[in-house]
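Close look at the chain arrangement
Residue-level listing of the chains:
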Amino acid sequence: MLHSLKKYVFAPALALAATATTLVVAAAPADAAVVSVRVKGSLAARTGAANWFGQTRTIRNKQKVTVTCKVSGQYLRGNVRKTAQWDRTAIGDYISHAYVSGNPKLPVCAPPAAPAPVTPAPVAAVPMGPTGTMTNEQFLAASIPAAQQSQRDTKVPTSVTLAQAILESGWGRSSLSASDNNFFGMKCFNNAPGSYAAGCKSYSTQECNAAGTCTTTVATFRTYRASVDSFRDHGANLKSLSRYAAAFNYTGNPNQFIAEIHKGGYATDPQYTTKVVALMTKYNLYRYDIAV
């Protein structure tokens, strides 16, 4: 849609113990596996599934490591294979599967545990949805009711809707959102605005190819009478289009849900999933997800 991206997904941040230097060690689940690292020198274990996350320790060549589950992360060419898979270890940090000898059948890691949902006080004051003149905190508070209603109606995770709205609209400050209440870069096709939009308008936008090369072009986007209509249209669009159907196998896993939406063609930016997951993690948007 409006924004562009790199190539792969990264995982939720590592859960740490009460002190910054002590990792929480839990009993390994039944489907854990012991693997061997193959690396020249040593391999850095990290707090997340990419080399830009902090290092927790080093693992020497041929050292045995217990891994419990897998996530999608930074694509690496290692000593064993080329892959975007990262394995979470029994103590909670991550190693690239590109350096792992053996290929055990690991389950996909669950998203980070979320605290009990909290409704910020400003929500009641702004029930009609976000605008283009709010602070970041106000924008988030004003978006939560519409995103949660979308989850009730369509099962699209609230955390995904909120992160996409933040990313696509620049916290509501893009021209498309501030002027035309379009918070998700929803386009018109064949000049048809769909069931929720009021019309169509042309805007300059960035489109990227598979190699990550982006160019500026002009596209026609939907305009809405109210911001809540944009949220309704976003959820209905994801739910009704067959290209996004795979995502609804992961309504309880927001990270994988957005990865499947990206695969379905929501955005041309190869970094799109990475950016959305980063926002969900940074602002702990998972806490706003509701049971449906």
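For the structure, see preceding data.
Here is a short report on the structure shown in this document. (Residues numbered from 1 in each chain as written. Predicted model: local features only at pLDDT ≥ 70, side-chain atom pairs only at ≥ 80, totals over all residues. Heavy atoms only, no water.)

As for the environment of L167
- Within the secondary structure, L167 is located in helix α2 (residues 158-169).
- Accessibility expressed as a relative area gives 13% for L167, which makes it buried.
- Note: C-alpha distance between L167 and V276 (109 residues apart in sequence) is 7.0 Å. (Helix = DSSP H or I, 4+ residues; strand = E, 2+ residues; numbered from the N terminus. Buried < 20%, exposed > 50% of the residue type's maximum accessible area, 1.4 Å probe, protein only.)

What about the state of the cysteines?
- Evaluation of the coordinates by the stated rule reveals two disulfides.
- Two residues share a disulfide in this structure: C69 and C109, whose sulfurs sit 2.0 Å from each other. Residues C69 and C109 are joined by a disulfide whose S-S torsion is about 95°; by sign, that bridge is right-handed. Here C69, found in strand β4 (residues 64-77), pairs with C109, found in the loop between β7 (100-101) and α1 (136-154); they are 40 residues apart in sequence, far enough to count as distant.
- When its relative accessible area of 6% is taken as the criterion, C69 is described as buried.
- With a sulfur-sulfur separation of 2.1 Å, C188 is cross-linked through a disulfide to C200. A torsion of -95° about the S-S bond marks the disulfide between C188 and C200 as left-handed. A residue pair is termed long-range when its members are at least 10 positions apart, and C188 in the loop between α3 (175-180) and β8 (199-208) and C200 in strand β8 qualify at twelve residues. (Disulfide = S-S within 2.5 Å.)

Quick look at the packing of α2 against helix α4 (residues 227-240)
- Put simply, α2 and α4 touch, their axes get as near as 12 Å, and they point 120° apart. Considering the angle they form, α2 stands oblique to α4. When the axes of α2 and α4 are compared, the crossing they make is right-handed. Across the interface between the two elements, T161, Q164 and A165 from α2 touch F231, H234 and L238 from α4.
- When its residues are assigned to classes, the contact of α2 with α4 shows three nonpolar, three polar and no charged. (Axes fitted to C-alpha atoms, helices over the stretch in contact; angles between N-to-C directions. Parallel < 35°, antiparallel > 145°, perpendicular 65-115°, else oblique. Left-handed = near helix turned anticlockwise from the far one by under 90°. Contact = heavy atoms within 4.5 Å. Nonpolar A, V, L, I, M, F, W, Y, C, P; charged D, E, K, R; others polar.)

A few points about the pattern of salt bridges
- Across all of its chains, the model carries six salt bridges by this definition.
- The partner of R232 in a salt bridge is D229, with the nearest N and O atoms 2.7 Å apart. Placement of the pair is R232 and D229 together in helix α4, with a separation of three residues, close to one helical turn.
- For D229, a relative accessible area of 17% gives the class buried.
- Put simply, D269 and K275 hold a salt bridge, and the shortest N to O gap is 2.7 Å.
- Taking relative accessible area as the criterion, K275 reaches 34% and is therefore assigned partly exposed. (Salt bridge = Lys/Arg side-chain N within 4 Å of Asp/Glu carboxyl O.)

Limitation: the analysis is restricted to geometry and does not speak to function.
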